[in-house]
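# Structural overview for review
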Amino acid sequence: MTVTDSQKMAYVAAQAADARVNLQFETEDGMTLNMGPQHPATHGTLRIVAQLDGEQVVRCEPIPGYMHRGYEKLCEVRTYPQVTTLINRIDWLGSFANEVPFILAAEKLMDVEAPPRAQVIRTILFELSRLGNISLFLGDLGIQLGGITIGFYAFRDREFVLNQIEAATGGRFHPNFDRIGGLKDDLPKGWIAETHLAMERMRRLCDEFEELVLGNEIFQARTRGIGVIPTDIATSYGMSGANLRATGVDWDLRRDACPPGLSYDLADWKVWTHPDGDSYARTWIRLQEVRESTHIVDQLLDSIPAGPIMAKVPRIIKVPEGEAWVATENPLGEMGYYVVSKGDLVPFRVKIRSASFNNISVVPWVTRGVFVPDVITILASLYFILGDIDR
Amino acid sequence: MSGLIFAIELAYWQQTLIKVLVAAVLIPTTALILGIVFLFKMMSWMQSRMGPQEAGPRGLLQLAADGLKFLQKEDIIPDRADRFVFKAAPVVVLASTFLTYVILPAGPDLVIENLPTGIFFAMAVSSLSVVGVLMAGWASSNKYALMGGLRAGGQLIAYELPLILAVMGVVIQAGSLSMQDIVWAQADGSMFGFGGLGLPFVITQVLAFFIFMAAIQAELTQPPFDMPVAESEVVGGFHVEYTGFRFLFFFLGEFATAFAFAAIAATLFLGGWWVPGVDPNSALANVVGPIALFVKIMVVAFLIFWFRFTYPRFREDQLQRFAWKYLIPLALANITITGILVVVL
């Protein structure tokens, strides 16, 4: 395999960036602590370089890029139906939610609309992947703070949600189920009743979490007032999702700017906000989000209309020329795809806006002056998925 | 106190040999029992999962299998480590645990060494482990290990004080530092004139018992006080660089220490080997004693591990604040009250 000049340049640039950080941190006073790329608190390969004074963080810089897989470029050599297989792997805990905005953007370009039944089922699966994602957050937060029991509870109950996703789509982790103009298949028999039970189960997990973790004095001492992000900082760093709602901004794309193709208007739910903006608020918001999400699923399950699952779409999908931007409220925050088409089988350019990259960009600001254990708390409560940062 | 079992006269070297054998067999066995019963089985039931199933009947040999696995592993010493200190540290930690076992009475005659200042000796040697931990943290030439070691040093020193002060209440009430005498004081005591149940000091010294439990939780570096070894922060802390049998030493030391502290707590607060209804002067007490002590140890160890699986962990500064602002004043108040009551009553 030959190495092109641009690859060489990219390698040199990466080395130089690394060297800059190392030099900058090592030549100043104090101790430099290099967390990651392999560290249990970074759930993957995020590298965090912290300059310490004792246990106190003077400066801290996250260095993403260790898991960069070049998805935006890879999308350009895949046909539209093939792209969904790829983008499933961005936020791997809520895979189905990654497919939806891209499919909606393609539908927008092609001017197709999925039949109502497909729209409702799509919304249900969207919410199920949100549950699968955030319930893991609830467990992971406990593990990061040392209370590993809730982690196992979360894994146990999350299984019920994953089973439902698997029963409907055939894929436990990467469904690859959304199609332009509808869905791949209809729901299996008995799925609706079982999903109701799974939702009941998730609500019980929320109650357990509230008793075991949120009400715990040690947990409150570890999270209250730690990692406070004011509203203006959150908005200027482009944070979204639960992290933004935890700073008091009442903003949810599902309610405020729901793109056509998802049927959130059929359900009645509440968008919770918290005025504090600290780690506790972020956890609390996510807990309420899980609860509301189960209610959305319950309501939508009872209102699935009859009808076809696919609209009339040509076998070979050629998307007409144009540009489209669709963003949805994904488990981690706002996720959007900017798709540029030149009328080919493949997209000309795909820009992926994923939430975690913006959410962790606030880390240098928020970790100034905190203690090392607080860095862990803040990272855990900001909740990022490495695939979602690096794409 | 002339039990039938030890009526045979033994030479000094024979006694020593027996004692060494008892210690060499007892400590790994107790650590294994605690590890299996609590870390594997109880923890998995509390967390609604299965726990080990494959090794041996119902997975009971899992720890033995793990131990063998550790023995096979390569012994890696970091390049820039201080080799002698690095190698010595696990031995120091385990030695402090071994020494604690010396004074534990399991029956009227079943004690390795009945020191007149038994509890003082136990407190003194148990704080030796701090030295081993600091050695491990410093010698590893690893920043995480250093942070973990220093955290452990600060924490263990902060929690020695409430531990000793909590013991003081018991010592004042029993009027002796000897472990045997403390057991006898509980066996001979009476509650409101009713002597059938004796007087386990957990009833009069309930505050000291709770302080003692909190302090040993910190001594053992278990949640909620496990920041020296916190997985998600310092990735194992002082033993991050240890592999193979040296890691096994730390691992074994942790559970053996848990067992030793549970035994001390059982002796100080729950009456040790003494059982209501069994005449402590009879030979039967030497037979029932170890069983009774074991049951009481398991009760205390259950508490220790229950806390461990339930709570998230404190932050280092919060832990210090908890020790100096709450535990130590409470322990001092307990000593004062106990002293006054002992004089008045």
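Now for a quick tour of the structure. The model shown is predicted, which means the values in this text are computed figures rather than measured ones.

Another aspect to go through is the pattern of salt bridges. Residues and elements named next belong to chain A. Counted according to the given criterion, the structure contains 32 salt bridges over all chains. In this structure, Arg130 engages Glu127 in a salt bridge whose closest nitrogen and oxygen atoms are separated by 3.1 Å. Pair noted here: Arg130 and Glu127 are both in helix H5 (residues 116-144), with a separation of three residues, about one helical turn. Classification of Arg130 by relative accessible area gives buried; the value is 0%. In this structure, the salt-bridge partner of Asp185 is Lys184, at a minimum N-O distance of 3.2 Å.

Moving on, we come to the packing of aromatic side chains. Applying the stated criterion to the full structure yields 29 aromatic pairs over all chains. Both rings, one in Phe251 of chain B and one in Phe255 of chain B, keep their centres 5.2 Å apart while their planes meet at 65°; by these two values the pair is edge-to-face. Of this pair, Phe251 of chain B and Phe255 of chain B both sit in helix H11 (residues 244-269), four residues apart, roughly one helical turn. Under the relative-accessibility criterion, Phe251 of chain B is labelled partly exposed at 22%. Ring geometry for Phe305 of chain B and Phe309 of chain B: centres 6.1 Å apart, planes at 50°, overall tilted. One end of the pair, Phe305 of chain B, and the other, Phe309 of chain B, are both in helix H12 (residues 284-310), four residues apart, so they sit about a helical turn from each other. Relative accessible area serves as the criterion here: at 2%, Phe309 of chain B is assigned to the buried category. By way of ring pairs, the aromatic residues Phe70, Phe247, Phe251, Phe255, Phe305 and Phe309 of chain B are connected into one cluster. In this structure, Arg224 of chain A packs its charged tip against the face of Tyr280 of chain A, placed 4.0 Å from the ring centre. Above the ring of Phe348 of chain A, the side-chain terminus of Lys342 of chain A is found at 5.0 Å from the ring centroid.

Let us now look at the packing of helix H6 (residues 143-174) of chain B against helix H9 (residues 206-219) of chain B. Residue and element names in this part refer to chain B. Contact pair H6 / H9: the axes reach a minimum separation of 8 Å and the direction vectors enclose 155°. What the angle tells us is that H6 and H9 run roughly antiparallel. The crossing of H6 and H9 is left-handed. Where H6 approaches H9, its residues Gln155, Leu156, Tyr159, Glu160, Pro162, Leu163, Ala166 and Val167 are matched on the opposing element by Ala208, Ile211, Phe212, Ala214, Ala215, Ile216, Ala218 and Glu219. Looking at the contact of H6 with H9, its residues break down into 13 nonpolar, one polar and two charged.

Read across the sheet, three strands follow the order S1-S2-S3 (chain A) without closing on themselves; strand pairing throughout is antiparallel. Sheet topology places strand S1 (31-35) and strand S3 (56-63) of chain A at the edges, where each strand pairs with a single neighbour. Between one strand axis and the next, the sheet turns by 20° as a mean value, whatever way the strands run. Strand direction decides the pairing type here: strand S2 (residues 47-53) of chain A and S3 of chain A, joined by seven bridges, are antiparallel. Note on S3 of chain A: the bridge partner recorded for Ala50 of chain A is Cys60 of chain A. In the packing of helix H15 (residues 372-382) of chain A onto the sheet, contacts are made with S1, S2 and S3 of chain A, and the angle to S1 of chain A comes to roughly 30°. Its contacts with the sheet put H6 of chain B on S1 and S2 of chain A, and the angle it makes with S1 of chain A is roughly 110°.

Residues and elements named next belong to chain B. A cluster of nonpolar side chains, namely Ile337, Ile340, Leu341, Val343, Val344 and Leu345, defines an oily patch on the protein surface of about 670 Å² accessible area. Looking at the element boundaries, Ile337 is found in helix H13 (residues 316-344). Residue Ile337 is classed as partly exposed on the basis of its relative accessible area, which comes to 48%.

Attention now goes to the environment of Trp272 of chain A. Residue and element names in this part refer to chain A. In this fold, Trp272 is placed in the loop between helix H11 (253-256) and helix H12 (279-301). We classify Trp272 as partly exposed; its relative accessible area is 27%. Remark: the alpha-carbon pair of Trp272 and Trp191, spanning 81 residues in sequence, is separated by 29 Å. In this structure Trp272 touches Arg245, Trp284, Ile285, Gln288 and Glu292, once residues within four positions along its chain are discounted. At 2.9 Å, the side chain of Trp272 and the side chain of Glu292 are in polar contact.

Thresholds, definitions, all that
- Numbering of residues begins from 1 in every chain and follows the order in which that chain's sequence is written.
- Numbering of ligands from 1 and lettering of chains from A proceed in the order in which they are written.
- pLDDT decides what is reported in this predicted model: residues at 70 or higher carry local features, side-chain atom pairs at 80 or more are listed and counted, and totals for whole chains, interfaces and linings draw on all residues regardless.
- Remark: hydrogens and water are excluded; side-chain values derive from all non-hydrogen atoms of the structure.
- One side-chain nitrogen of Lys or Arg within 4 Å of one carboxyl oxygen of Asp or Glu is enough to make a salt bridge.
- Starting at the N terminus, helices and strands are each numbered in turn, a helix being any DSSP run of H or I of at least four residues and a strand any DSSP run of E of at least two.
- Think of it in three bands: with a 1.4 Å probe and only protein chains considered, a residue is buried below 20% of the maximum accessible area for its type, exposed above 50%, and partly exposed in between.
- Any pair of Phe, Tyr and Trp rings, taking the six-membered ring for Trp, is counted once the centres come within 6.5 Å. Such a pair is stacked with planes under 30 degrees apart, edge-to-face with planes over 60 apart, and tilted for the rest.
- Consider the ring centre and the ring normal. A charge sits over the ring if Lys NZ or Arg CZ is within 6 Å of that centre and within 35 degrees of that normal.
- Helix axes use the C-alpha atoms of the stretch in contact, all axes being lines fitted to C-alpha atoms, and the angles between their N-to-C directions lie in the range 0 to 180 degrees.
- For classification, angles of less than 35 degrees are called roughly parallel, those exceeding 145 degrees roughly antiparallel, those between 65 and 115 degrees roughly perpendicular, and all remaining angles oblique.
- Take the far helix as your reference; a near helix turned counterclockwise from it by less than a right angle gives a left-handed crossing, and one turned clockwise gives a right-handed crossing.
- Any two residues whose heavy atoms approach within 4.5 Å at even a single point are treated as in contact.
- Residues are sorted three ways: Asp, Glu, Lys and Arg are charged, Ala, Val, Leu, Ile, Met, Phe, Trp, Tyr, Cys and Pro are nonpolar, and all the rest, Gly among them, are polar.
- Strand pairing is assigned whenever DSSP identifies at least 2 bridges connecting the two strands.
- Within this analysis, patches are made of residues with over 30% relative accessible area and no salt bridge. Like charges are joined at 9 Å or less; nonpolar side chains (Val, Leu, Ile, Met, Phe, Trp, Tyr) at 5 Å or less.
- Exposure was quantified through the Shrake-Rupley algorithm and a 1.4 Å probe, taking into account, for residues, occlusion by the shown protein chains and nothing else.
- Polar contacts, as counted here, are pairs of nitrogen or oxygen atoms within 3.5 Å of one another; within protein the pair requires one atom able to donate a hydrogen and one able to accept it, and residues that are adjacent in sequence qualify only if both atoms are side-chain atoms.

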